[in-house]
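Below, each chain spelled out in residue letters.
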Amino acid sequence: MVQKACIFDLDGVITDTAHYHFLAWQRLAHSLGLPFDEDDNHRLKGVGRMESLDYILAKGTTAYSMDERLALAQQKNEDYKTLIGGITPADILPGIVEALDWLKANNWRIGLASASRNAPQVLASLEITGAFDYVADAGAIPKGKPAPDIFLDVARAFGLPSSQCLGVEDAASGVAAIKAADMFAAGIGDADILAQADIVLPSPEGLVEKVLKPF
Ligand code: G6P
Ligand code: MG
């Protein structure tokens, strides 16, 4: 049998940390007198920390030095880390454990392609670190989503061509990254926002039957 790989995004796919990113960014934006709503949040899903900060700061007219920007990013990250501090295995979204079990039983490689530098901590809190054969190091990959680099990094680690890899994403930028990597894209969330995906499910429930088995 030909080896296949499933490459997961983390925030918003495996657990609902996308909401915590939203809360932490909104708090920072409001503290600077800048607006931040659900639409902004959708745009920032999958987008790296400094790029996200710059998107928010561009809503105002104040110029910030590099040091000030780093301090603001750190402030957001401290808030975010407090918010994710209480994460437990109960926070794994329905359908994910079933998918991981099925992938393991069927000998697929399992990878993580998250832009978050907090990903290893979140996986540890969810107690699923051991389920992954490879976790991409976001800090070592300069070009973030929608560039394909992080998904290609995982495929390279597995020694597999893109045609054998399936990516799972909740962000439009993430789906764009998977397609740019020439992989099959499963979107989790709103079909209008994730229109570029090959298939969209409202949640990870049904991944095994509707996405993994047919691939
Ligand atoms: C993921 C999330 C983004 C977040 C990015 C960086 O892609 O979807 O909302 O900004 O990771 O996360 P970090 O934890 O490193 O700030
Ligand atoms: Mg995500």
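All values derive from a computational prediction rather than experimental measurement.

Concerning the pairing of strand β2 (residues 109–112)
Where strand β1 (residues 5–8) meets β2, four bridges bridge the pair, whose relative direction is parallel. Among the inter-strand pairings, I7 is bridged to a residue of β2, identified as G111. Where β2 lies against strand β3 (residues 134–135), two bridges are found, and the strand directions are parallel. Following the sheet pairing, L112 is matched in β3 by V135. On the question of chirality, the crossover connecting β2 to the parallel β3 by way of helix α6 (residues 119–126) is right-handed.

Section: unusual backbone geometry
Here the bond from K145 into P146 is cis, since omega is 15°, no more than 30 degrees from zero. The residue P146 is located in the loop between β3 and α7 (149–158) in this model. Positive phi, normally seen in glycine, also occurs at N107, with a value near 65°. Secondary-structure assignment places N107 in the loop between α5 (96–105) and β2. For D182, which is not glycine, the phi dihedral falls at a positive 70°. On the accessibility criterion, D182 (62% relative accessible area) is exposed.

A short note on the domain arrangement of the protein chain
Along its sequence, the protein chain is carved into domain 1 (5–16 + 89–212) and domain 2 (18–86). The distance between the C-alpha centroids of domain 1 and domain 2 comes to 23 Å. Facing the 13 residues of domain 1 at the interface are 14 residues of domain 2. Counting the surface domain 1 buries against domain 2, the share from its top three residues, D11, D16 and N118, is 39%. Tallied by class, residues from the side of domain 1 that touches domain 2 come to four nonpolar, three polar and six charged.

So, the packing of aromatic side chains
Under the criterion given, the structure shown has six aromatic pairs. Look at W102 and W108: their rings are 5.7 Å apart centre to centre, the planes differ by 70°, and that puts the pair in the edge-to-face class. Judged by its relative accessible area of 18%, W102 is buried. Geometrically, the ring pair formed by W108 and F215 is tilted, given 5.9 Å between the ring centres and 50° between the ring planes. Within this pair, whereas W108 is found in the loop between α5 and β2, its partner F215 is found in the segment after α9 (207–212), the two being separated by 107 residues in sequence. We classify W108 as buried; its relative accessible area is 6%. A connected cluster of aromatic rings, assembled from ring pairs, spans W102, W108, F184 and F215. Its guanidinium or amino end placed over the ring of Y80, K76 lies 4.7 Å from that ring's centre, counting from NZ or CZ.

Some details on the pattern of salt bridges
Counted under the stated rule, the structure contains 10 salt bridges. With its nearest N and O atoms 3.2 Å apart, the salt bridge here joins D9 to K145. Separated by 136 residues along the polypeptide, D9 in the loop between β1 and α1 (17–31) and K145 in the loop between β3 and α7 bring together distant segments of the chain. The buried category is assigned to D9, whose relative accessible area is 5%. Since its relative accessible area comes to 7%, K145 is described here as buried. Among the ionic contacts, a cluster of salt bridges with common partners joins D9, K145 and E169.

A look at the side chain of N41
Mapped onto the elements, N41 comes out in helix α2 (residues 38–44). Of the residues examined, N41 reaches a relative accessible area of 7% and is grouped as buried.

Concerning the site of ligand 1
By nearness alone, every residue bordering ligand 1 is listed as D11, H21, L44, K45, G46, V47, R49, S52, A115, S116, R117 and N118. A distance of 2.8 Å separates an oxygen atom of ligand 1 from a polar backbone atom of G46. Look at ligand 1: alone it shows 390 Å² of surface, and the protein chains cover 97% of it. When grouped by side-chain class, the residues that make up the shell around ligand 1 number three nonpolar, five polar and four charged. Lining the shell around ligand 1 are residues from two domains, each supplying at least three of them: domain 1 (5–16 + 89–212) and domain 2 (18–86).

The rules behind each value
Residues numbered from 1 in each chain as written. Chains lettered and ligands numbered in written order. Predicted model: local features only at pLDDT ≥ 70, side-chain atom pairs only at ≥ 80, totals over all residues. Heavy atoms only, no water. Pairing = 2+ DSSP bridges. Helix = DSSP H or I, 4+ residues; strand = E, 2+ residues; numbered from the N terminus. Right-handed = clockwise from strand over helix to strand, strands pointing away. Buried < 20%, exposed > 50% of the residue type's maximum accessible area, 1.4 Å probe, protein only. Domains from an automatic or database assignment. Contact = heavy atoms within 4.5 Å. Buried area = accessible area lost by both parts, 1.4 Å probe. Nonpolar A, V, L, I, M, F, W, Y, C, P; charged D, E, K, R; others polar. Phe/Tyr/Trp six-rings, centres within 6.5 Å; stacked < 30°, edge-to-face > 60°. Lys NZ or Arg CZ within 6 Å of the ring centre and 35° of its normal. Salt bridge = Lys/Arg side-chain N within 4 Å of Asp/Glu carboxyl O. Near = heavy atom within 4 Å. Polar contact = N/O pair within 3.5 Å; in protein donor to acceptor, adjacent residues only side chain to side chain. Areas by Shrake-Rupley, 256 points an atom, 1.4 Å probe, with all protein chains shown as cover.

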